[in-house]
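Architecture and fold: a report
Below are the chains, spelled out letter by letter.
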Amino acid sequence: MAAPPSGKVIYEQEGVFIHSSCGKNDDQDSLISGVLRVIEKENEVIVDWRPLADTLDASNILCAGKDSSSVVEWTQTPKEKCSRGADRPISYEAEWDMVTTVSFKKKPHSNGDATTHANGESKWSFLFSLTDLKSIKRNKEGMGWSYLVFCLKDDVKLPALHFHHGDSKLLIKCLEKHVVLNESPQDKRILLVNSQNKSLSQSFENLFDESSYGLLQKLKKDPYTVTMGRFSKVTNYIFDSFRLSDPSSQRRPPSEMADFLNDAIPGLKINQQEEPGFEVITRGLCHTLRKEAWKFLLGYFPWNSTKEERASLQKRKTDEYFRMKLQWKSVSEEQEKRNSRLRDYRSLIEKDVNRTDRTNKFYEGEDNPGLILLHDILMTYCMYDFDLGYVQGMSDLLSPLLYVMENEVDAFWCFVSYMDQMHQNFEEQMQGMKTQLIQLSTLLRLLDSGFCSYLESQDSGYLYFCFRWLLIRFKREFSFQDILRLWEVMWTELPCQNFHLLLCCAILESEKQQIMDKHYGFNEILKHINELSMKIDVEYILCKAEAISMQMMNCKELPQAVSEILGIESSSVTPDSDTGEDESGAVLSCPTSLYQSVSTPVIAANGTRDSTQQMSETQSSTPA
């Protein structure tokens, strides 16, 4: 049996059964005995159940289904041997089943953390984070034992767990140390997970348990200052509770913050006055929101659409997707021999898919259905945009989308929306790349003309070493989880448009000292930049890039070219070039180096990394 997730086991109980008919006589359940564990892992708590013996078919694997946003079980078996459960409604996609050789059976799970049979685990194994838990239903069997049913936030119900040896109450007590559980007013058997974080409540309890009377007096007098100063972890959570939910709002009003604290501490009055120089900013979404939020951020769902309109849109888009998928699926080998472009697209896609994010659990292992979907979506995109077809690097853009969506159709249309933004990067003339390199040079020259002059002296003034960053939006520079966060920040177009160019500037400024002090030439600069991959602190770079944007916005006379790149209102002075000179030749009032006023620490960045093949000739020697 595969090992449970690493971490500290805080609860463990054997003899926890799943009752399954397994397609046999419906009135006689098959008992699957397993071990239930609660595990503390880094900053989350995991509930994990797995059977004692893994005797099921290892060809099954968990991945995404067409008709659900939940993780489902994929069974790669002949169609005639696959059957749907009696309680499984027929989807409107059933007519498209002939398009794929993969059948779909509902398998509750969440967040793409699915365990896979490639690792030798049973199809009944499941795990989930407590952050995804919505409710727990408690029941008792006629035989005397109790059983629990976990319901997740996407309304997916996990298989009932039967405690033949008791101890279900001990599990509830263990969970109550990490989440707030309240009985449902409608059904006392159901425990609802309160959205208020347990650690936050505990922190407030500890706050009032303080023996120091003076602290309590200070809290009553000015709770905001005392809480922020003494209990930073608590306030960090509070700010996290108001994370970005739409691109029009980076930070919630102080009144909402006060309301939250008033609810947490009844009777407490909050000073809502703004305090200068004190601000906590949290960027990015919690993972459970991404599946829906990204559809809006990428433009797949209109912001002003209703739930019914979105459901209708998804139905139309599903039909459209599978019609396009059928186009290439129905091409015979003989036909493909006479279609060199389709043949070339397929060959390149197969090569790239087999080396895309293979260390990620969602794509690891042989014959992984996630890889099948990557392949199918990219082939279908060739039917959607045959002129562009497939270009190396596009699989890097699709992979995180499929991981988050856990759904073939939604991932495709989100990819279409993303490619609408990135299309010019992959066109034969690569006009998008040329434009971005010119814009980046313009920004960098304003920020630090001395560094630009050094790069030019080393034949690196065209910034070709930034090619990979721009082509696939830093996909190979940051960890997979950091990329999810980085992309959604960029999609908001806040604090300015082309924010990704300022991220480039922030990284380059961080490495400037080492490049210049060590007198790096063309080859050394290229090598150094490539070796930054997976060594860049995403929070540091986001903060630094935002600081640069604020400096730009506060610049009294910003060059017109820079204003247009960042979408900032132009200044009263219209310069005759992007060098920052007005018509008289006088240099404008921006500082010689805007970097000088960006006070952030320098990071250490070392390591190795491969490169995409879609680079300029100067980077052709870099291994892909």
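In what follows, the structure referred to is the one given above.
Values in this document were obtained by computation on a predicted structure and should not be read as measured data.

**Looking at unusual backbone geometry**
With an omega dihedral of 5°, the bond running from Leu-494 to Pro-495 counts as a cis peptide bond. Looking at the element boundaries, Pro-495 is found in the loop between helix 17 (480–491) and helix 18 (499–517). Backbone geometry at Phe-474 places phi at a positive 65°, although glycine is not the residue there.

**Quick word on the pairing of strand 3 (residues 44–51)**
Counting buried residues in strand 3 gives 7 out of 8 residues, a clear majority hidden from the surface. In this sheet, strand 3 lies alongside strand 2 (residues 30–41) in antiparallel orientation, the contact comprising 8 bridges. For Val-38, the partnering residue across the bridge sits in strand 3 and is Val-47. Where strand 2 folds back on strand 3, the antiparallel hairpin that results is connected by 2 residues, among which Glu-42 adopts a positive phi of roughly 55°. Bridging between strand 3 and strand 7 (residues 126–129) involves 4 bridges; their strand directions are antiparallel. Bridging across to strand 7, Trp-49 finds its partner in Phe-126.

**Thoughts on the nonpolar core**
Phe-426, Phe-474 and Met-552 are the most contacted members of the largest nonpolar core, which has 110 residues in total. One finds Tyr-11, Leu-36, Phe-126 and Leu-158 within the second-largest nonpolar core, a separate group that totals 28 residues.

**Focus on the packing of helix 8 (residues 307–329) against helix 13 (residues 408–426)**
Remark: helix 8 packs on helix 13, axes separated minimally by 10 Å, with the N-to-C direction vectors making an angle of 90°. Between helix 8 and helix 13, the angle falls in the class roughly perpendicular. Listed contacts from helix 13 to Gln-314, Lys-317, Thr-318, Glu-320, Tyr-321, Phe-322, Met-324 and Lys-325 of helix 8 are Glu-408, Val-409, Asp-410, Phe-412 and Trp-413. Each residue belonging to the contact of helix 8 with helix 13 can be placed in one class, and the counts come to 6 nonpolar, 2 polar and 5 charged.

**Comments concerning the pattern of salt bridges**
One pass over the structure, following the stated rule, counts 25 salt bridges. Notably, a salt bridge pairs Asp-155 with Lys-134, separated by 2.6 Å at the nearest N-O pair. Of this pair, Asp-155 sits in the loop between strand 9 (146–152) and strand 10 (161–163) while Lys-134 sits in strand 8 (residues 133–140), placing them 21 residues apart in sequence. Residue Lys-337 is joined to Glu-334 by a salt bridge in which the shortest nitrogen-to-oxygen separation is 3.3 Å. Of the two residues, Lys-337 and Glu-334 both sit in helix 9 (residues 333–337), 3 residues apart, roughly one turn of that helix. We classify Lys-337 as exposed; its relative accessible area is 55%. With relative accessibility at 46%, the residue Glu-334 sits in the partly exposed group. Connected via shared salt-bridge partners are Asp-357, Asp-396, Lys-475 and Arg-476.

**A short note on the packing of aromatic side chains**
Considering all chains together, one arrives at 24 aromatic pairs under this definition. On the basis of an interplanar angle of 55° and a centroid distance of 4.9 Å, the ring pair of Tyr-321 and Phe-412 is categorised as tilted. Taken as a pair, Tyr-321 in helix 8 and Phe-412 in helix 13 lie far apart in primary sequence, 91 residues in all. In this pair, the class of Tyr-321 matches that of Phe-412, namely buried. Look at Tyr-384 and Phe-412: their rings are 6.1 Å apart centre to centre, the planes differ by 85°, and that puts the pair in the edge-to-face class. Pair noted here: Tyr-384 is in helix 11 (residues 369–384) and Phe-412 is in helix 13, with a separation of 28 residues, a long-range link. For Tyr-384, a relative accessible area of 35% translates into the label partly exposed. With relative accessibility at 0%, the residue Phe-412 sits in the buried group. Connected via pairs of aromatic rings, a cluster forms that spans Tyr-321, Phe-322, Tyr-381, Tyr-384, Phe-412, Trp-413 and Phe-415. It is Lys-317 that lies over the ring of Trp-413; its NZ or CZ is 4.1 Å from the centre.

**Let's talk about the packing of helix 10 (residues 340–353) against helix 11**
Between two packed helices, the angle of one axis relative to the other and the distance separating the axes together describe the packing. Direction vectors running N to C along helix 10 and helix 11 enclose 150°, while the axes themselves pass 10 Å from each other. On the basis of the axis angle, helix 10 is roughly antiparallel to helix 11. The element helix 10 and its partner helix 11 pack so that their crossing is right-handed. Of the residues in helix 11, those in contact with Leu-342, Tyr-345, Arg-346, Ile-349, Glu-350 and Val-353 of helix 10 are Leu-371, Leu-374, His-375, Leu-378, Met-379, Cys-382 and Met-383. Looking at the contact of helix 10 with helix 11, its residues break down into 10 nonpolar, 1 polar and 2 charged.

**A closer look at helix 1 (residues 168–176)**
All buried positions along helix 1 are accounted for by Ser-168, Leu-171, Ile-172, Cys-174 and Leu-175. For helix 1, the angular spread of buried residues about the axis comes to 160°, placing them on one side. Exposed side chains of helix 1 directed beyond 90 degrees from the buried face belong to Lys-169 and Lys-173.

**So, the environment of Val-193**
As for its placement among the helices and strands, Val-193 is situated in strand 12 (residues 190–197). It is 6.7 Å that separates the C-alpha atoms of Val-193 and Val-179, two residues lying 14 residues apart in sequence. When neighbours within four sequence positions are excluded, Val-193 is seen to be in contact with Leu-133, Lys-134, Ser-135, Val-179, Val-180 and Leu-181.

The rules we used
- Residues numbered from 1 in each chain as written.
- Predicted model: local features only at pLDDT ≥ 70, side-chain atom pairs only at ≥ 80, totals over all residues.
- Heavy atoms only, no water.
- Helix = DSSP H or I, 4+ residues; strand = E, 2+ residues; numbered from the N terminus.
- Buried < 20%, exposed > 50% of the residue type's maximum accessible area, 1.4 Å probe, protein only.
- Pairing = 2+ DSSP bridges.
- Core = buried A, V, L, I, M, F, W, Y, C linked by side-chain atoms within 4.5 Å.
- Axes fitted to C-alpha atoms, helices over the stretch in contact; angles between N-to-C directions.
- Parallel < 35°, antiparallel > 145°, perpendicular 65-115°, else oblique.
- Contact = heavy atoms within 4.5 Å.
- Nonpolar A, V, L, I, M, F, W, Y, C, P; charged D, E, K, R; others polar.
- Salt bridge = Lys/Arg side-chain N within 4 Å of Asp/Glu carboxyl O.
- Phe/Tyr/Trp six-rings, centres within 6.5 Å; stacked < 30°, edge-to-face > 60°.
- Lys NZ or Arg CZ within 6 Å of the ring centre and 35° of its normal.
- Left-handed = near helix turned anticlockwise from the far one by under 90°.
- Arc of directions from axis to C-beta.

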